[in-house]
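Listed below, chain by chain, are the residues.
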Protein chains: 2
Amino acid sequence: MLSDEASANCPLPDFGDDERISLAHGEGGRLSRRLLRGMLKPVQNEFLIGLPDGATLPVSSGKLVFSTDSYVITPRSFPGGDIGSLAVFGTANDLAVSGARPRWLSLGLIIEEGFSTHELGQMIASIARAVRVAGMQVVTGDTKVVPRGAADGLFINSAGIGELVLPLPGPDTLSQGDRLLVTGKIGQHGLAVLAARESLGFDPAPESDMTALWPAVEALHAAGIRVKAMRDATRGGVAGILHEWADACDKTMLLESGSIPVSKTVRGACELLGLDPLHVACEGTMVVAVPSEEVSDALRVLRTVEVSNEAVEIGSVSEKRMAPVAVRRSLGQLVPLDEPSGAPLPRIC
Amino acid sequence: MLSDEASANCPLPDFGDDERISLAHGEGGRLSRRLLRGMLKPVQNEFLIGLPDGATLPVSSGKLVFSTDSYVITPRSFPGGDIGSLAVFGTANDLAVSGARPRWLSLGLIIEEGFSTHELGQMIASIARAVRVAGMQVVTGDTKVVPRGAADGLFINSAGIGELVLPLPGPDTLSQGDRLLVTGKIGQHGLAVLAARESLGFDPAPESDMTALWPAVEALHAAGIRVKAMRDATRGGVAGILHEWADACDKTMLLESGSIPVSKTVRGACELLGLDPLHVACEGTMVVAVPSEEVSDALRVLRTVEVSNEAVEIGSVSEKRMAPVAVRRSLGQLVPLDEPSGAPLPRIC
């Protein structure tokens with residue numbers, strides 16, 4: 001969610017009298033330039049002046065992290081966010097969980113002919129608010145228009161560059177006894193999008209957890225916590241990450257079923273839909289692995305930051321068992337947790 | 001065009017028994033990982049090991065250039081290239097004309113459900129060959145699959161990072177008497193794509209000029225040529241660039257009609273189709289502006305490099321006249337050159 005402060009004072013995009021995007025808006029001529037100038041108002045900064053082919057970025061010696069994602073989510077707006085804010089936070093969080101302070105963002109828009117300039121303006125305003133929250137700048141971009149039927153409304157690609165602050169040993173270094181934390185309630189984003197798409201009418205409607213994770217990473221770094229691995233639980237959910245980690249370190253990830261934080265709304269909706277919240281995507285929640293002696297400090301630090309103030313321990317790394325990921329139920333029995341496969345929740349990012 | 005050397009020894013992608021891309025290939029689970037591992041074989045390098053969320057890049061103090069483009073071209077294959085090589089050269093050239101040595105590339109694929117893995121493999125192999133020619137590495141990426149009908153086959157976004165080597169004063173510094181050069185015959189790419197799309201049956205079929213421009217930029221830099229502005233003549237063609245430059249410096253760009261290099265094939269095809277080659281896109285040809293005292297050195301240097309060995313002077317910057325861009329015909333009369341507008345050639349990149 002975006003703070004009121006961030007949404008204030010943000011100039012609106014301006015498309016003049018153009019109500020719909022036409023193919024001519026994508027052809028590199030006068031209309032393209034008018035579209036771009038209108039779109040860029042809310043995100044304007046020194047890098048975008050004169051619309052150069054590329055942004056020239058001053059860097060200091062060190063390490064940068066570079067990441068990209070395309071966003072094809074449907075519906076484009078849902079409780080807690082839209083494709084615009086998602087394109088910012090999704091890529092900003094990929095940088096953050098790599099230990100990098102998010103800095104610069106590129107945006108590549110693919111727009112279907114006939115798309116409403118009003119909705120495009122809303123998405124651009126949403127991008128502008130999100131880059132402020134994420135502490136980033138949009139420094140370069142591209143717009144393509146495709147004929148009606150060649151794309152579903154609006155796709156956004158973003159690529160981000162961040163400065164590496166907290167190098168991580170990585171999931172292949174996980175060892176027996178390391179602890180697994182999550183920074184908040186899981187499954188919120190996937191459920192919010194699914195409920196909006198299928199008009200499921202849950203009351204209250206599940207809301208996406210979408211926001212910037214960097215403040216949590218920065219707090220861990222400032223406190224000197226020795227984080228071994230971090231990952232935001234997007235496509236594939238917490239289960240997807242833990243399967244990747246189990247594969248990387250050749251151990252079993254063992255979760256305690258009672259400690260997995262799930263809101264009442266998400267738990268109820270998942271039961272109705274036959275989904276496991278561990279398979280459902282988050283967009284502002286990450287899994288963090290720390291050595292056991294760091295776990296209480298890590299939780300204390302994470303809980304001082306708004307985005308991670310509900311951080312809890314959910315399990316640990318154990319010796320390799322039959323299943324790469326397993327959940328210990330309340331009576332002690334271990335139940336294997338499947339790897340996400342098939343398409344239970346398409347187009348949630 | 002790609003050299004034979006670059007196409008040799010390139011491992012092929014491997015998709016196992018999957019003949020078609022399914023939605024499950026995009027869901028972040030086991031199938032996604034299998035798809036990615038198969039795709040990455042031809043472009044493998046140290047940054048892609050373990051498929052991290054972001055690539056960690058070592059940088060030295062200085063300036064980087066960051067640029068992005070999405071590619072939605074149809075048809076996806078045409079004489080001289082395909083959407084894969086275009087996604088590499090297009091972004092590499094945006095960096096090169098910004099004076100930056102192309103280094104690192106991200107790839108974001110949006111694939112329509114049902115897309116042939118055979119064709120995907122060809123595109124990935126083409127990307128792999130092109131990054132070698134361009135001197136770049138694919139360091140991070142993303143794959144999304146959308147349902148049938150939600151996209152037209154395959155869209156590719158690429159974002160590139162290059163190291164600034166040759167800072168350019170920029171088109172706002174152009175002054176009366178500066179000379180305008182092009183590095184080769186114009187309009188080849190747009191005509192090749194249009195002829196392939198519409199099965200126009202020209203003989204010989206026009207072939208895209210697609211290739212890496214960096215060697216030409218590097219040669220200008222090495223020779224100490226004081227380049228004022230450079231731009232690859234993509235969407236909007238040479239006319240589009242000259243209109244932007246005229247706008248930036250508030251002068252008129254004056255071309256000599258007899259000196260504009262156009263192949264017989266492109267000239268003939270343009271006459272038939274009612275197009276001006278100055279409006280038709282190139283993908284391996286750029287416009288270069290230099291002070292008049294540098295023009296002979298610049299041409300000599302450019303002609304030593306394969307990509308620009310047909311470089312010629314096409315005109316100069318003049319005092320501001322009625323039209324921002326004008327062409328002097330053989331009998332001396334000046335004809336204004338329209339800014340590209342409308343959509344004469346959609347989806348040529």
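Residues numbered from 1 in each chain as written. Chains lettered and ligands numbered in written order. Predicted model: local features only at pLDDT ≥ 70, side-chain atom pairs only at ≥ 80, totals over all residues. Heavy atoms only, no water.

A.B. asks: Describe the interface of chain B and chain A, naming the residues involved and giving the relevant values.
C.D. replies: Between chain B and chain A, the residue contacts involve 72 residues of the former and 72 residues of the latter. For the pair chain B and chain A, the two sides together bury roughly 5700 Å², of which 54% comes from carbon and sulfur. A per-residue breakdown of the area chain B buries against chain A is headed by B:Asp53, B:Phe66 and B:Arg235, which together make up 14% of the total. Taken together, chain B and chain A are joined by six salt bridges. Put simply, A:Asp69 and B:Lys144 hold a salt bridge, and the shortest N to O gap is 3.4 Å. (Contact = heavy atoms within 4.5 Å. Buried area = accessible area lost by both parts, 1.4 Å probe. Salt bridge = Lys/Arg side-chain N within 4 Å of Asp/Glu carboxyl O.)

A.B. asks: Report on the side chain of B:Asp178, specifying residues and quantitative values.
C.D. replies: All names here are of chain B. Tracing the backbone through its elements, the reader meets Asp-178 in the loop between strand S7 (154-164) and strand S8 (179-182). Polar side-chain contacts of Asp-178 include one of 2.8 Å to the backbone nitrogen of Ser-175. At 2.8 Å, the side chain of Asp-178 and the side chain of Lys-228 are in polar contact. Once you skip the residues sitting within four places of it in the chain, Asp-178 turns out to touch Thr-173, Lys-228, Val-290, Pro-291, Ser-292, Ser-316 and Val-317. (Helix = DSSP H or I, 4+ residues; strand = E, 2+ residues; numbered from the N terminus. Polar contact = N/O pair within 3.5 Å; in protein donor to acceptor, adjacent residues only side chain to side chain.)

A.B. asks: Quick one: what's the story with the relation of the copies chain B and chain A, residue by residue and with numbers?
C.D. replies: Superposing chain B onto chain A requires a rotation of 180° together with a translation of 0.0 Å along the rotation axis, leaving an RMSD of 0.0 Å. Taken together, the rotation and translation relating the two chain copies correspond to the operation of a two-fold axis. Of the residues that chain B buries at the interface, 100% are likewise interface residues in chain A, meaning the two copies contact each other through the same surface. (Least-squares fit on C-alpha atoms with pLDDT ≥ 70 in both.)

A.B. asks: How would you summarise the sheet that holds strand S12 (residues 312-318) of chain B if you had to cite specific residues and measurements?
C.D. replies: Residues and elements named next belong to chain B. Spatial ordering of the open sheet is given by S9-S11-S8-S12-S10-S13-S14, a layout of seven strands whose pairing is mixed. With partners counted over all chains shown, the strands left at the sheet margins are strand S9 (229-232) and strand S14 (334-336), one partner each. Averaged over all pairs of adjacent strands, the angle between their axes in this sheet comes to 25°, without regard to strand direction. As paired strands, strand S13 (residues 325-328) and S14 are joined by three bridges and run antiparallel to one another. If you follow Ala-326 over to S14, its bridge partner there is Pro-336. (Pairing = 2+ DSSP bridges. Axes fitted to C-alpha atoms, helices over the stretch in contact; angles between N-to-C directions.)

A.B. asks: Talk me through the domain arrangement of chain A; I want residue IDs and the actual numbers.
C.D. replies: Residue and element names in this part refer to chain A. For chain A, the assigned domains are domain 1 (4-164) and domain 2 (171-336). Between domain 1 and domain 2, the contact holds 23 residues from the first and 23 residues from the second. Between domain 1 and domain 2, the buried area comes to about 1700 Å², and carbon and sulfur atoms account for 66% of it. By the criterion of area lost to domain 2, the three top residues of domain 1 are Pro-79, Asn-93 and Val-97, representing 32% of everything that side buries. Where domain 1 touches domain 2, the interface holds one salt bridge. Note that Arg-101 and Glu-218 form a salt bridge whose closest N and O atoms lie 3.1 Å from each other. The tally of links from domain 1 across to domain 2 stands at six residue pairs in polar contact (both at pLDDT 80 or more). Where the side of domain 1 that touches domain 2 is concerned, the elements lending two or more residues are strand S4 (81-82), helix H3 (83-96), strand S5 (100-112) and helix H4 (117-134). Sorting elements by how many residues they give to the side of domain 1 that touches domain 2 places H3 first, with seven residues. (Domains from an automatic or database assignment.)

A.B. asks: Break down the pairing of S7(B) for me, citing the residues and quoting the values.
C.D. replies: Residue and element names in this part refer to chain B. Among the eleven residues in S7, nine count as buried, and that is most of the element. As defined by bridge partners, strand S2 (residues 62-71) adjoins S7 across eight bridges and the pair is classed as antiparallel. The residue of S7 that forms the bridge with Ser-70 is Asn-157. Two elements, strand S5 (residues 100-112) and S7, share eleven bridges in a ladder whose sense is antiparallel. Bridge pairing links Leu-105 to Gly-160 in S7. (Buried < 20%, exposed > 50% of the residue type's maximum accessible area, 1.4 Å probe, protein only.)

A.B. asks: Outline empty space enclosed by the protein, listing residues and values.
C.D. replies: The tally for this structure, following the rule as stated, stands at seven cavities of 30 Å³ or more. Roughly 790 Å³ of volume is contained in the largest cavity. Looking at the largest cavity, it is lined by 44 residues, and the ones nearest its centre are A:Arg235, B:Leu36, B:Asp53, B:Gly141 and B:Asp142. Those elements that place two or more of their residues in the lining of the largest cavity are strand S2 (62-71), H3, strand S9 (229-232) and helix H7 (237-249) of chain A together with helix H2 (30-40), S5, helix H4 (117-134) and strand S6 (137-146) of chain B. (1 Å grid on protein atoms, 1.4 Å probe; cavity = no way out; pocket = protein on both sides within 12 Å on 5 of 7 lines; lining within 4 Å. Points joined across faces, edges and corners; volume = space filled by probe spheres on them.)

A.B. asks: Outline the sheet that holds strand S8 (residues 179-182) of chain A, listing residues and values.
C.D. replies: All names here are of chain A. Here seven strands make up an open sheet; going across it, the order is S9-S11-S8-S12-S10-S13-S14 and the pairing mixed. Looking along the sheet, the strands with just one partner apiece sit at the ends: S9 and strand S14 (334-336). The mean angle between the axes of side-by-side strands here comes to 25°, regardless of whether they run parallel or antiparallel. Helix H9 (residues 295-302) contacts S8, strand S11 (286-290) and strand S12 (312-318) of the sheet and is inclined by roughly 10° relative to S8.

A.B. asks: Which residues make up the environment of B:Gly38, and what are the values?
C.D. replies: All names here are of chain B. Counting through the fold element by element, Gly-38 comes out in helix H2. With 25 residues separating them along the chain, Gly-38 and Pro-13 place their C-alpha atoms 5.2 Å apart. Ignoring sequence-local partners within four residues, the contact set of Gly-38 consists of Pro-13, Asp-14 and Phe-15.

A.B. asks: An account of the packing of aromatic side chains is needed here, citing residue identities and associated values.
C.D. replies: To describe a pair of aromatic rings, one takes the distance between the centres and the angle between the planes. Applying the stated criterion to the full structure yields two aromatic pairs over all chains. Stacked on the ring of B:Tyr71, the Lys or Arg A:Lys144 has its end atom at 5.6 Å from the ring centre. (Phe/Tyr/Trp six-rings, centres within 6.5 Å; stacked < 30°, edge-to-face > 60°. Lys NZ or Arg CZ within 6 Å of the ring centre and 35° of its normal.)

A.B. asks: Describe the layout of surface pockets, listing the residues and the values that go with them.
C.D. replies: Considering only enclosed or pocket space, the second largest pocket measures out at about 830 Å³ in volume. Lining the second largest pocket are 34 residues, and of these A:Pro171, B:Ile49, B:Gly50, B:Leu51 and B:Pro52 lie nearest its centre. Its residues placed into classes, the lining of the second largest pocket shows 18 nonpolar, six polar and ten charged. (Nonpolar A, V, L, I, M, F, W, Y, C, P; charged D, E, K, R; others polar.)

A.B. asks: Before we move on, could you go through the packing of H3(A) against H4(A) and cite the residues and values that matter?
C.D. replies: Each pair of packed helices can be described by the angle between their axes along with the distance between the axes. Residues and elements named next belong to chain A. At a minimum axis separation of 7 Å, H3 and H4 run at an interaxial angle of 30°. Classified by the angle between their axes, H3 and H4 sit roughly parallel to one another. At the point where H3 passes H4, the crossing takes the right-handed sense. Where H3 abuts H4, its residues Ile-83, Gly-84, Ser-85, Val-88, Phe-89 and Ala-92 lie against Met-123, Ser-126, Ile-127, Ala-130, Val-131, Val-133 and Ala-134. (Parallel < 35°, antiparallel > 145°, perpendicular 65-115°, else oblique. Left-handed = near helix turned anticlockwise from the far one by under 90°.)

A.B. asks: Describe H3(A), naming the residues involved and giving the relevant values.
C.D. replies: All names here are of chain A. A rise of 1.5 Å per residue sets the reference length of H3, with its 14 residues, at 20 Å; its end C-alpha atoms lie 19 Å apart and thus fit the reference within 8%. Buried residues dominate H3, accounting for 14 of its 14 residues. Looking at where H3 begins, the residue whose side-chain oxygen comes 2.9 Å from the main-chain nitrogen of Gly-84 is Asp-82. (Expected span 1.5 Å × (residues − 1).)

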